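# Structural characterization, general
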Amino acid sequence: MWKLGLDFDNTLISYDLIFYETAIKYKLIPKDIKKSKNAVRNYLINKDKENKFTELQGEVYGSKIINAEQTPGMFEALKFIQNKGYDLAIVSHKTKNPIIGPKYNLHKSALNWLEKNKFFDKEGLFINRKNVFFEPTKEEKVKRIKSIGCTHFIDDLPSILDLIEKDIVRIHYNPGKETFPSNYLNFSNWEKLKHKRIF
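Note that the structure is a prediction, hence the values are computed from the model and not measured.

### As for the environment of Asn 42
Mapped onto the elements of the fold, Asn 42 is located in helix H2 (residues 37–46). The sequence separation of Asn 42 and Phe 53 amounts to eleven residues, and the corresponding C-alpha distance is 9.2 Å.

Here you go:
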């Protein structure tokens, strides 16, 4: 049995618009910066306001996540992969509460988003809730990927893929890019993944 493991943050879910809108709400950024998480983060770090970004991230991943968008084309691509005979599992590095700011339950918030977006529904992806794991450290995430028998794993962070054992097919999701610096199998959008003959 093939099992595809999936990262969650910035892989299945896109926070770009929510980060931008929330930062605008708190007057942390000018309106003319790019509507993306990275643009918000880079702006605040350059202004020596990294703590503000960390606090903002806690709110976005907590109370605002329910309105975040699916990564474009992701749901259809995963249905396509399922139809090829793959089991799906989600393994995320996610602390239970934010590092600073209000103590949102980030695990519950992520599960609510998955439920709203039909990851557990029969007419959706119908992933068993027992195949969703939120791990407090990167090391525990990597151990979980191995222990549940993932044959393939998709992540947007090469730093995670570097830690995964080489007998697992490691796939780098690098949105919007057409050239790739890593040595992994790569894709820039989910629609193109269906045509890459990875699966």
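### Let's talk about the sheet that holds strand E5 (residues 132–135)
Ordered in space as E5-E4-E1-E6-E7-E8, the six strands form an open sheet in which the pairing is parallel. Bordering the open sheet on either side are E5 and strand E8 (185–187), each of which pairs with just one other strand. Neighbour-to-neighbour, the strand axes of the sheet open up by a mean angle of 25 degrees, direction not taken into account. Both strand E6 (residues 152–155) and strand E7 (residues 169–173) contribute to a ladder of four bridges, which runs parallel.

### What to know about unusual backbone geometry
Phi is positive for Lys 27, which is not a glycine, with a value near 55 degrees. Mapped onto the elements of the fold, Lys 27 is located in the loop between helix H1 (16–25) and H2. On the basis of relative accessible area, Lys 27 is assigned to the exposed category, the value being 75%. Of note in the backbone geometry, Asp 48 takes a positive phi value of approximately 60 degrees without being a glycine.

### Examining the packing of aromatic side chains
Under the definition given, this model contains twelve aromatic pairs. An angle of 85 degrees between the planes, with centres 6.3 Å apart, marks the rings of Phe 19 and Tyr 61 as edge-to-face. Of this pair, Phe 19 sits in helix H1 while Tyr 61 is found in helix H3 (residues 50–61), placing the two residues 42 residues apart along the sequence. Of the two residues examined, Phe 19 and Tyr 61, each falls in the buried class. Here the aromatic rings of Phe 187 and Trp 190 are separated by 5.0 Å at their centres, their planes lie at 70 degrees, and the arrangement is edge-to-face. Trp 190 matches Phe 187 in its accessibility class, with the two residues each being buried.

### Describing the side chain of Thr 22
Here Thr 22 lies in helix H1. A relative accessible area of 3% means that Thr 22 is categorised as buried. Here Thr 22 is in contact with Leu 56, Glu 59, Val 60 and Lys 64, once residues within four sequence places are set aside.

### Looking at the pattern of salt bridges
For the structure on display, the rule yields nine salt bridges. Its salt-bridge partner being Asp 9, residue Lys 94 comes within 3.0 Å of it at the nearest N-O pair. Here the residue Lys 94 occupies a position in the loop between strand E4 (86–93) and helix H5 (106–116), and Asp 9 occupies one in the loop between strand E1 (2–6) and strand E2 (13–14), the gap between them amounting to 85 residues. Under the relative-accessibility criterion, Asp 9 is labelled buried at 9%.

### Looking at the pairing of E5
Alternating positions in E5 separate into two faces, Val 132 and Phe 134 on one and Phe 133 and Glu 135 on the other, with burial throughout. Where E4 and E5 come together, four bridges link them in parallel fashion. Of the residues in E5, the one forming a bridge with Val 91 is Phe 133. Between E4 and its parallel partner E5, the chain crosses via H5, and the hand of that crossover is right-handed.

### A look at H2
Every buried residue of H2 is accounted for by Lys 37, Ala 39, Val 40 and Leu 44. Where the residues of H2 are buried, they touch H1 and H3. Directly beyond the C-terminal end of H2, a positive phi value near 60 degrees is found at Asp 48.

### Observations concerning the nonpolar core
One finds Phe 8, Leu 78, Phe 119 and Trp 190 to be the most contacted residues of the largest nonpolar core, which totals 47 residues. For this core, the leading source of residues is helix H4 (residues 74–82), giving five residues. Sequence-distant contacts of Phe 119, that is, excluding residues within four places in its chain, are made with Leu 12, Met 74, Phe 75, Ile 90, Trp 113, Leu 114, Leu 125, Phe 126 and Ile 127. Of all hydrophobic cores here, the second largest spans 13 residues; its members include Ile 145, Ile 148, Ile 160 and Tyr 184.

Criteria and cut-off values
Residues numbered from 1 in each chain as written. Predicted model: local features only at pLDDT ≥ 70, side-chain atom pairs only at ≥ 80, totals over all residues. Heavy atoms only, no water. Helix = DSSP H or I, 4+ residues; strand = E, 2+ residues; numbered from the N terminus. Pairing = 2+ DSSP bridges. Axes fitted to C-alpha atoms, helices over the stretch in contact; angles between N-to-C directions. Buried < 20%, exposed > 50% of the residue type's maximum accessible area, 1.4 Å probe, protein only. Phe/Tyr/Trp six-rings, centres within 6.5 Å; stacked < 30°, edge-to-face > 60°. Contact = heavy atoms within 4.5 Å. Salt bridge = Lys/Arg side-chain N within 4 Å of Asp/Glu carboxyl O. Right-handed = clockwise from strand over helix to strand, strands pointing away. Core = buried A, V, L, I, M, F, W, Y, C linked by side-chain atoms within 4.5 Å.

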